[in-house]
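# Inside the fold
For reference, the chains in residue letters:
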Amino acid sequence: MEIESAKCECCGLREDCTGEYIAGVKAEFGGRWLCGLCSEAVRDEVAKARRKKKKSGSEGLEEAVRDHMSYCGKFGNNPAFRVADGMRQMLRRRASDISTSSAAS
Ligand SMILES: [Zn+2]
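Residues numbered from 1 in each chain as written. Predicted model: local features only at pLDDT ≥ 70, side-chain atom pairs only at ≥ 80, totals over all residues. Heavy atoms only, no water.

As recorded in an unreviewed UniProt entry, the protein goes by the name DUF1677 family protein, listed as coming from Eleusine coracana subsp. coracana.

Glancing now at the coordination of the zinc ion. Only Cys 8 (SG), Cys 11 (SG), Cys 35 (SG) and Cys 38 (SG) from the protein reach the zinc ion as donors, at distances of 2.3 Å. Its 4 donor atoms give the zinc ion angles of 105 to 115° at the centre, a pattern that matches the tetrahedral case. The sequence pattern describing where the donors of the zinc ion fall on their chain is C-x2-C-x23-C-x2-C. With Cys 11 in the loop between strand E1 (3-7) and strand E2 (14-18) and Cys 38 in helix H2 (residues 36-53), the pair connects residues that are 27 residues apart, well separated along the chain. By relative accessible area, which is 0% here, Cys 38 ends up buried. (Donors = N, O, S within 2.8 Å, 3.2 Å for Na, K, Ca; no water. Tetrahedral: all angles 85-135°; square planar, octahedral: opposite > 155°, others 65-115°. Helix = DSSP H or I, 4+ residues; strand = E, 2+ residues; numbered from the N terminus. Buried < 20%, exposed > 50% of the residue type's maximum accessible area, 1.4 Å probe, protein only.)

See below:
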């Protein structure tokens, strides 16, 4: 099996994938390769846009990819950062629920 290194056009993450997989992803996203996280997010956006605005396939896709690229850009091109930040927010929310009377450090 042929393994190639592909770089996500949204967040810049590198993944080693089979050539077949890379070609499949590129075909789906108009010639761009997106990592697992980004492709899931874009697929989600496309599905939402289609439900809301009844857009044709490629139009909704281009918009979703562009939106997600700018979203990734805001978060320092690092998907791990987004995950960590989401977890931090979750913990913070939970901590503020619990410690209403005690002084938080
Ligand atoms: Zn990505």
